[in-house]
Amino acid sequence: MDSERRLPRISPREFRDFEIHLDLDGVTLIGKLGNISEEGLCFLGEDDLLSDELQTLVIGTILWANRTQRMFFEGKIMWVQTAKIRGVEYHLAGIQFDVKLNLTDSMLARSLEI
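*Asks:* Looking at this model, I keep getting lost on the pairing of strand β3 (residues 40–45). Mind explaining?
*Replies:* Look at any regular strand and the pattern is simple: side chains alternate between the two faces of the sheet. With 6 of 6 residues buried, β3 is to be regarded as a mostly interior element. With 4 bridges connecting them, strand β2 (residues 27–36) and β3 associate as antiparallel partners. Bridging from a neighbouring strand, L33 pairs with F43 of β3. Linking β2 back to β3 in an antiparallel pair, the connection comprises 3 residues. With 6 bridges connecting them, β3 and strand β6 (residues 88–97) associate as antiparallel partners. Of the residues in β6, the one forming a bridge with F43 is A93.

*Asks:* Help me understand the environment of Q55 in this model?
*Replies:* Here Q55 is to be found in the loop between β3 and β4 (57–64). Setting aside chain neighbours within four positions, we find Q55 in contact with K76, I77 and M78.

*Asks:* Can you walk me through the sheet that holds β6 in this structure?
*Replies:* Note on sheets: strands pair through backbone hydrogen bonds, and any given pair is parallel or antiparallel. Spatially, the 6 strands close up into a barrel ordered β1-β2-β3-β6-β5-β4, and their pairing is antiparallel. Taking each pair of neighbouring strands and ignoring which way they run, the sheet shows an average axis angle of 45 degrees. Strand direction decides the pairing type here: β4 and strand β5 (residues 70–85), joined by 7 bridges, are antiparallel. Residue pairing for β5: G60 is matched across the bridge by F73.

*Asks:* In this structure, what is going on with the nonpolar core? I would like to understand it.
*Replies:* Most often, soluble globular proteins have nonpolar side chains that are buried together. Grouped together as the largest cluster of nonpolar side chains are 23 residues, with contacts concentrated most on L22, I36, L41, F43, I62 and F73. The set of elements that each furnish at least two residues to this core consists of β1 (18–24), β2, β3, β4, β5 and β6. Among the elements that line this core, the one with the most residues is β1, at 4 residues. Discounting chain neighbours no more than four positions away, the residues touching F73 are I20, L22, L41, V58, I59, G60, T61, I62, I95, F97 and L101.

Rules used in this analysis
- Residues numbered from 1 in each chain as written.
- Predicted model: local features only at pLDDT ≥ 70, side-chain atom pairs only at ≥ 80, totals over all residues.
- Heavy atoms only, no water.
- Buried < 20%, exposed > 50% of the residue type's maximum accessible area, 1.4 Å probe, protein only.
- Helix = DSSP H or I, 4+ residues; strand = E, 2+ residues; numbered from the N terminus.
- Pairing = 2+ DSSP bridges.
- Contact = heavy atoms within 4.5 Å.
- Axes fitted to C-alpha atoms, helices over the stretch in contact; angles between N-to-C directions.
- Core = buried A, V, L, I, M, F, W, Y, C linked by side-chain atoms within 4.5 Å.

Here's what the structure looks like:
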């Protein structure tokens, strides 16, 4: 994978309008979007279900809150960690996409909110 990004990683304070669904061996995990770039995303989950899944392939969906838009991806879990964000403990996972995503205008617009 290229080491230089064409676009900056988008990580505004909140991605309230987005939800991530990950299919892991037939189990659907639902979480929040921490940040995103054309090469990958950060999944924020409430359960520690990915800590033993490094290098595991996943199929996922990025959903907008109004459910009028969705984006599908396939990728690999590259890292996991636990972090406290605004007082809430989350289990984070970095997912590297198999194929770079073309981010939507609404996602790109969020980068201006940083």
